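Secondary and tertiary structure notes
As a plain string of letters, each chain reads:
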Amino acid sequence: HHLAPLKNLRRLNLSFSKVLPSDLIALQPIVNLEELDVTFTVFDEPKENLEAQVGELTAAEKSAYQELLVDPQKAHLLRAAVLTDRGFDQLQHLSRLRTVRFINTVVSGVSIQRLNRYPKLERLELVAVACPPNTFQVLGQLPEIRELSWIPFSSTEVLPTITNLQHLEQIERGAEDL
């Protein structure tokens, strides 16, 4: 791994780089990483390339992405969610993460439900799709969370959860949720 010598790196901003979710595996050696800011190019890639990367879905993935599988208009979201969820899963050992900011992609309920792997998480910015009921209850397990962006706050399930977050200081979301 080319990034192995950077094991003490605390902040990584990949906003102006060509990054696909599969590239996240290269971050595994950076065990002290606290802030991760990534702008993905997943929606800019040719459909065929992304389909090849997605490959055959496992039975668990088919179940998790059922909402997206049944709607051909959401195929681009399905590809992005599958690839980003798989990439995010590669970061599970980065328990010091305080900031996760994923731009120009989506995650599914699969990634949201795994957020408790990051107990120090303070800032979370990502777009979530295909989230079954109770997905966002995991936010209640993040005692340090201060900023949330793009979480569907108008959901009847999310509102009670976020109102119990003691340290929450900032919420950002489109006006359609107000």
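Please refer to the structure higher up on the page.
Now for a look at the structure at hand. Small disclaimer: the values here were computed from a predicted structure and weren't measured.

Moving on, we get to the overall build of the protein chain. Looking only at helices and strands, the protein chain features six helices and eight strands. Its helices and strands taken in sequence order, the protein chain reads β-β-α-α-α-α-β-β-α-β-β-β-α-β from the N to the C terminus. Computed over C-alpha atoms, the radius of gyration of the protein chain comes to 16 Å, within 12% of the 16 Å expected from 2.2 N^0.38 for 178 residues, which places it in the range of a compact globule. Each of the three principal axes of the protein chain carries a C-alpha extent, and together these read 45 × 40 × 30 Å. The burial tally for the protein chain puts 43% of its 178 residues in the buried class. Relative to all contacts within the protein chain whose residues are 6 or more apart in sequence, the contacts with residues 24 or more apart total 55%. With the model as given, the accessible surface of the protein chain reaches about 9,200 Å², and the carbon-plus-sulfur share is 51%. Taken together, the 18 basic and 23 acidic charged side chains of the protein chain have centroids lying 6 Å from each other.

Here E45 is to be found in the loop between β2 (35-39) and α1 (47-54). Reaching out from E45, the side chain makes a polar contact with the side chain of K18 at a distance of 2.9 Å. Once you skip the residues sitting within four places of it in the chain, E45 turns out to touch K18, L20 and L50.

Right, let's get into the pairing of strand β1 (residues 11-14). Covered by surrounding structure in β1 are L12 and L14 only, the residues R11 and N13 on the alternate face being uncovered. Inspection of the sheet shows β1 paired to β2 by four bridges, in the parallel sense. Bridging from a neighbouring strand, L12 pairs with L36 of β2.

Let us now look at the pattern of salt bridges. Counted under the stated rule, the structure contains 17 salt bridges. Across the pair E35 and R98 runs a salt bridge, and its minimum N-O distance is 3.2 Å. Of this pair, E35 sits in strand β2 while R98 is found in the loop between α4 (75-89) and β3 (99-103), placing the two residues 63 residues apart along the sequence. Between R123 and E147 there is a salt bridge, with the nearest N and O atoms lying 3.2 Å from each other. With R123 in strand β5 (residues 123-125) and E147 in strand β7 (residues 147-149), the pair connects residues that are 24 residues apart, well separated along the chain. In this structure R123 comes out as partly exposed when scored by relative accessible area, which is 28%. When its relative accessible area of 24% is taken as the criterion, E147 is described as partly exposed. The network of salt bridges with shared partners includes R10, R11, E34, E35, R98 and E122.

Another aspect to go through is the sheet that holds β1. The strand order β1-β2-β3-β5-β7-β8 describes an open sheet built from six strands, whose pairing is parallel. Looking at the sheet topology across the chains shown, the edges are occupied by β1 and β8 (170-172). Taking the axes of each pair of neighbouring strands and ignoring which way they run, one obtains an average angle of 5 degrees across the sheet.

Reading guide: rules and limits
Here the residue numbers are simple positions, counted from 1 along each chain's written sequence. With the structure being a predicted model, the display of local features is reserved for residues of pLDDT at least 70 and the display and counting of side-chain atom pairs for 80 or more, all residues being used for whole-chain, interface and lining totals. To obtain the side-chain values, all non-hydrogen atoms of the structure were used and water was disregarded. Strands here mean DSSP runs of E at least two residues long; helices mean DSSP runs of H or I at least four residues long; both are numbered from the N terminus. Put simply, the radius of gyration uses C-alpha atoms, and a globule should come to 2.2 Å times the residue count raised to 0.38. For the exposure calls, accessible area comes from a 1.4 Å probe over protein chains only, and a residue counts as buried if that area is under 20% of its type's maximum, exposed if over 50%, partly exposed in between. Any two residues whose heavy atoms approach within 4.5 Å are treated as being in contact. For the area figures, the Shrake-Rupley method with a 1.4 Å probe applies, and any residue is considered shielded solely by the protein chains shown. Charge convention: Lys and Arg are scored as positive, Asp and Glu as negative, and His as well as the terminal groups of each chain are ignored. By convention, the point assigned to a charge is CZ for Arg, NZ for Lys, CD for Glu and CG for Asp. Under the rule applied, a polar contact is a pair of N or O atoms within 3.5 Å (in protein, one hydrogen donor and one hydrogen acceptor; residues adjacent in sequence only if both atoms are side-chain atoms). One bridge is not enough; two strands pair if DSSP finds at least two bridges between them. Within this document, salt bridges are pairs made up of a side-chain nitrogen of Lys or Arg and a carboxyl oxygen of Asp or Glu, the two lying within 4 Å of each other. For helices, the axis comes from a line fit to the C-alpha atoms of the stretch in contact; other axes are also lines fit to C-alpha atoms, and the angle between any two N-to-C directions lies between 0 and 180 degrees.

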